[in-house]
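Results of the structural survey
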Amino acid sequence: MGDNRSRVNGARSDYAIEVRGLSKLFGGFTAVDSVNFNVPRGEVFGFLGPNGAGKSTTIRMLCGLVEPTSGTALVDGFDVVADPEAIRTRIGYMSQKFSLYEDLTVEENIRFFGGVYGLSGARVRERLKWVVGMAGLDGKETRLTGTLSGGWRQRLALGCAIIHEPGIVFLDEPTAGVDPVSRRNFWDLIGGLSENGVTTMVTTHYLDEAEYCNNIVMINDGRIMAEGSPKELKERHVSYDLYELLVDDPAKGIDVLRAQPWAKEVSLFGTYLRVGLEDSLGAELVKGALEKNGVAITRMGRVSPSLEDVFIRVLGEEGVR
Amino acid sequence: MRLRENAARIRPVIVKEFRQIRRDKVSLAILLLIPAFLMFMIGYALNFDVKHVKLAFYDLDKTSASREFQRTFLNSEYFESAGPLGAYRDIDAMLGSGAARAVIVIPPDFAKDLLADKNVPLQVIIDGADSNTGTIALGYITSVIQTYSSKLTADFLDKNGMLPYQPVELRPNIWYNPELASPKFLVPGFIGFILMLSAVVSTALSVVREKEHGTMEQLTLSPLNTLEIIIGKTVPHLVNSLTSSVFVLLMARWLFGVPIRGEIIWLYSGIMLFLLAALGQGMLISVFANTQEVAFMMSVLSSILPTFLLSGLVFPIKSMPLALQVLSNVTPTKFFIIILRDVMLKGLGPWAFWRELVYLAAFAAVTLGFSAVKMARQRNAA
């Protein structure tokens, strides 16, 4: 039935997702504020921001779970407001809840979602094998889903969400509450989907994960703050040389450095102190300032900027404005 | 063709729902056995029959005639002796303490006046605090005295050479429930009450649980349409409730001797429509409630209160104020009870209760339809 529906612009666009001036107001609160972006087909697209930034609301509007207040969004060429049914069979959606039936077994969950998406018996068997293999659940087909650990549940939820092989997958905080190894495995799976031409839009607040994305949009308070590939973002927003140092008294060290007019973005990063310096300034300046104030440096080195540095920088600019 | 597609999508929902019900052994037991257990409990607890009324006599005559008069009361199972009274003021203590429900004062010249063919006034004092029991006790006492009196009248006529004669003679002929046993009247009401409660609660909880776990969202994003979701969730609970209705009916028969005089098919068309109405009510609740706690409270309140107060189960609807009589139409149990009494006790068919069947069907259509519309709207604008 989906085949005779027509896409908004007729032809198949190069973009899997096109968003124009999309806004959502909840009462007087603006959750998403006139957002624009395009996602090319086959790309892993990261949607980054702190909690409450409007990530989930945006993704839920794209899935047809929330109606936009204004603006348009096309998913695989179909308007999310005018044609939600056409979108349903073309997308997969997985939320951080890993919404599975915990009182059903692994196999029963897969069969259920296969049946609901109208797959034939043979197709369900085929996909069942694929999902079990993909999620690493071989031999656990008859386990109750509720007894599985987070990583397995997460991969099974992904398998059920893409049982019908959609071309576009929305993942809302898919790695929340999952151990680091499972997180890593999960991103490998997303990479595999992308190689097969699947477009993935993923929200996260783990900035290290965003490095896996082809393109990123950073969002805060419902507005886009920055966008580009991870490399572009770092080049554009971090103009300092970054140094990391281990000192004997980090609390005092931070106070000392913050008092220096030339030290930018002084922060505590785990047990390390981080400081940004303009190109023309040398690391000697830092050593001198700390030693003068009786803070001993154990180790010091230059580091390449992370997306976290970009994010702090982007949000910092916003704070000044 | 479309219909086959619909069925293909609904089937996995039904299969899944049955699996979940079967897997949750505790809930399944509760769902199937609690109704039968409730039947047992309420059936014995709620009994309007008044028997063994404690009766005391203040006998001022103390003759063999007065003692025989006392025995006519105590020989039946309706009365038991609360002991003789020695002084008039003891009546107060006896009734006040509840040791006796009624006291009969036999006047000093009871035997002598009767022999002299004189009118004998008899004082009967009744504890009216519990008006229901009091009324019934007075009825029993009146009828015993009338029987006694008419026997004396017959003796008097006979003695004067006349044939015993009674101008109007009462020959009661009670249909449907000859013993006037209250279980037979009440049990159909309990059946409605019990089925209502379990059907509403189980449906509402099963939908709200999916909301809480986020699986409802997954269903919303699937090609399932709202009606398919509702049908898929309703059918398994209908089957379950039908099963527990069999237990309840067997219970009613074995424990309380409530017969099924009418056709089973009419009985079950009534039960079927009633359960659909109850499932509709549960579905409606699940559309509004977002947590299982809220859904449970709403289900219990909306099924217990109207069913107990307004359905005619306990309080006759005809003696309610007009406003309440109108309000009584909100509960499908009212109409179901009428159907059950008609089929089970009177052996009637749909010609007698087609209006009630239509009402139940309409109630189910409205609640399920409204739930579908509301759910579809929530789906596209949350």
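The model shown is predicted, which means the values in this text are computed figures rather than measured ones.

Take the overall build of chain B next. Along chain B, the regular secondary structure elements total 14 helices and four strands. On C-alpha atoms alone, chain B measures out to a radius of gyration of 29 Å, which is more than a quarter above the 21 Å that the 2.2 N^0.38 rule sets for 382 residues. Principal-axis analysis of the C-alpha atoms places the extent of chain B at approximately 95 × 45 × 40 Å. Across the 382 residues in chain B, those meeting the buried criterion constitute 46%.

The helix and strand inventory of chain A stands at ten helices and 14 strands. The C-alpha extent of chain A, read off along each of the three principal axes, is 75 × 45 × 35 Å. Among the 321 residues that make up chain A, the fraction classed as buried is 54%. A fraction of 70% describes how many contacts in chain A between residues 6 or more apart in sequence connect residues 24 or more apart.

The next point concerns the interface of chain A and chain B. The interface is formed by 28 residues belonging to chain A together with 26 residues belonging to chain B. Of the roughly 2600 Å² buried between chain A and chain B on both sides combined, carbon and sulfur atoms contribute 56%. Area buried by chain A at its contact with chain B is led by A:Arg88, A:Tyr101 and A:Val116, which between them contribute 24% of it. Viewed at the interface, chain B and chain A are joined by three salt bridges. In this structure, B:Arg23 engages A:Glu108 in a salt bridge whose closest nitrogen and oxygen atoms are separated by 2.5 Å. Only β1 (15-26), α1 (55-63), α2 (84-88), β6 (91-94) and α3 (106-116) of chain A provide two or more residues apiece to the side of chain A that touches chain B.

With that out of the way, let us pick up the packing of helix α5 (residues 150-161) of chain A against helix α6 (residues 180-195) of chain A. All names here are of chain A. For the pair α5 and α6, interaxial distance at closest approach is 10 Å and the crossing angle is 15°. Between α5 and α6, the crossing angle belongs to the class labelled roughly parallel. Relative to α6, the crossing made by α5 is right-handed. From α5, Gly 151, Gln 154, Arg 155 and Leu 158 reach across to α6, where they touch Ser 182, Asn 185, Phe 186 and Leu 189. A class-by-class count of the residues in the contact of α5 with α6 yields three nonpolar, four polar and one charged.

Time to look at the domain arrangement of chain B. One frequently used descriptor of interface size is the decrease in accessible area upon assembly of the parts. For chain B, the assigned domains are domain 1 (9-47 + 181-380) and domain 2 (53-159). Each of domain 1 of chain B and domain 2 of chain B has a C-alpha centre, and these two points are 49 Å apart.

By the definition in use, this model includes 27 salt bridges over all chains. For A:Asp241, the salt bridge identified is with A:Arg302, shortest N-O distance 2.7 Å. Of this pair, A:Asp241 sits in strand β11 (residues 241-247) while A:Arg302 sits in strand β14 (residues 297-303), and the two are 61 residues apart along the sequence. A relative accessible area of 10% places A:Asp241 in the buried class. Residue B:Lys159 pairs with B:Asp117 through a salt bridge whose shortest N-O separation is 3.6 Å. Linking B:Lys159 in helix α6 (residues 131-159) with B:Asp117 in the loop between α5 (110-115) and β4 (123-126), this pair joins segments that are 42 residues apart in sequence. Sharing partners across several salt bridges, the network here consists of A:Arg123, A:Glu126, A:Arg127 and A:Glu165.

Here we come to the sheet that holds β14(A). Residue and element names in this part refer to chain A. With antiparallel pairing, the four strands of this open sheet are ordered in space as β12-β13-β11-β14. The outermost strands of the open sheet, each flanked by one partner alone, are β12 (264-269) and β14. In this sheet, neighbouring strand axes are inclined to one another by 20° on average, regardless of whether the strands run parallel or antiparallel. Alignment of β11 against strand β13 (residues 272-277), held across five bridges, turns out to be antiparallel. Note that in β13 the partner of Asp 241 across the bridge is Leu 277.

Before going further, it helps to examine unusual backbone geometry. Residue and element names in this part refer to chain B. Notably, Lys 62 is not glycine yet its phi reads approximately 55°, a positive angle. The residue Lys 62 is located in the loop between β1 (53-59) and α3 (64-74) in this model. Exposure remark for Lys 62: the relative accessible area of 59% places this residue in the exposed category.

Once that is clear, we can look at the pairing of strand β3 (residues 44-48) of chain A. All names here are of chain A. Most of β3 is tucked away, with five of its five residues classed as buried. Alternating residues of β3 divide into Val 44, Gly 46 and Leu 48 and Phe 45 and Phe 47, and every residue in both groups is buried. Strand direction decides the pairing type here: β3 and strand β8 (residues 199-204), joined by five bridges, are parallel. Across the sheet, residue Phe 45 finds its bridge partner in β8, namely Met 201. Where β3 meets strand β9 (residues 215-220), four bridges bridge the pair, whose relative direction is parallel. Paired with Phe 45 across the bridge in β9 is Asn 215.

Below, the discussion takes up the nonpolar core. Counting residues in hydrophobic clusters, the biggest one holds 64 residues, and the most contacted among them are A:Ile110, A:Leu156, A:Leu158 and A:Met218. Per-element tally for this core: the top contributor is helix α4 (residues 121-135) of chain A, with six residues. When neighbours within four sequence positions are excluded, A:Met218 is seen to be in contact with A:Leu48, A:Arg223, A:Ile224, A:Met225, A:Ala226, A:Leu307, A:Val310, A:Phe311 and A:Val314. By size, the runner-up hydrophobic cluster in this structure holds 48 residues, among which are B:Val201, B:Leu267, B:Leu313 and B:Phe335.

All names here are of chain B. Residue-level pLDDT values for chain B average 87, and 98% of them are 70 or greater. Across chain B, element-level confidence peaks in helix α10 (residues 264-288) with a mean pLDDT of 94 and bottoms out in helix α2 (residues 25-45) with 79. As scored by the predictor, the complex reaches a pTM of 0.78 and an ipTM of 0.79.

So, on to the environment of A:Lys24. Residue and element names in this part refer to chain A. Within the secondary structure, Lys 24 is located in strand β1. Exposure remark for Lys 24: the relative accessible area of 10% places this residue in the buried category. Separated by 81 residues in sequence, Lys 24 and Thr 105 place their C-alpha atoms 38 Å apart. Among the polar contacts made by the side chain of Lys 24, one reaches the main-chain carbonyl oxygen of Glu 67 at a distance of 2.8 Å.

Let's shift gears to the packing of aromatic side chains. In the structure shown here, the tally under the stated rule is 19 aromatic pairs over all chains. Where B:Tyr58 meets B:Tyr88, the ring centres are 5.8 Å apart and the plane angle is 65°; that geometry is what we call edge-to-face. Of this pair, B:Tyr58 sits in strand β1 while B:Tyr88 sits in the loop between β2 (79-84) and α4 (90-97), and the two are 30 residues apart along the sequence. Taking the centre distance of 5.2 Å and the plane angle of 45° together, the rings of B:Phe69 and B:Phe110 count as tilted. Residue B:Phe69 is located in helix α3, and its partner B:Phe110 is located in helix α5; the two are separated by 41 residues in the primary sequence. There is no split in this pair, since B:Phe69 and B:Phe110 are both buried. Members of the aromatic cluster, joined through ring pairs, are B:Phe57, B:Phe69, B:Phe73, B:Tyr78, B:Phe79, B:Phe110, B:Tyr140 and B:Tyr148. The cationic tip of A:Arg183 hangs over the ring face of A:Tyr206; the distance from NZ or CZ to the ring centre is 3.7 Å.

Rules behind the numbers
Residues numbered from 1 in each chain as written. Chains lettered and ligands numbered in written order. Predicted model: local features only at pLDDT ≥ 70, side-chain atom pairs only at ≥ 80, totals over all residues. Heavy atoms only, no water. Helix = DSSP H or I, 4+ residues; strand = E, 2+ residues; numbered from the N terminus. Rg over C-alpha atoms; globule rule 2.2 N^0.38 Å. Buried < 20%, exposed > 50% of the residue type's maximum accessible area, 1.4 Å probe, protein only. Contact = heavy atoms within 4.5 Å. Buried area = accessible area lost by both parts, 1.4 Å probe. Salt bridge = Lys/Arg side-chain N within 4 Å of Asp/Glu carboxyl O. Axes fitted to C-alpha atoms, helices over the stretch in contact; angles between N-to-C directions. Parallel < 35°, antiparallel > 145°, perpendicular 65-115°, else oblique. Left-handed = near helix turned anticlockwise from the far one by under 90°. Nonpolar A, V, L, I, M, F, W, Y, C, P; charged D, E, K, R; others polar. Domains from an automatic or database assignment. Pairing = 2+ DSSP bridges. Core = buried A, V, L, I, M, F, W, Y, C linked by side-chain atoms within 4.5 Å. pLDDT = per-residue confidence, 0-100. Polar contact = N/O pair within 3.5 Å; in protein donor to acceptor, adjacent residues only side chain to side chain. Phe/Tyr/Trp six-rings, centres within 6.5 Å; stacked < 30°, edge-to-face > 60°. Lys NZ or Arg CZ within 6 Å of the ring centre and 35° of its normal.

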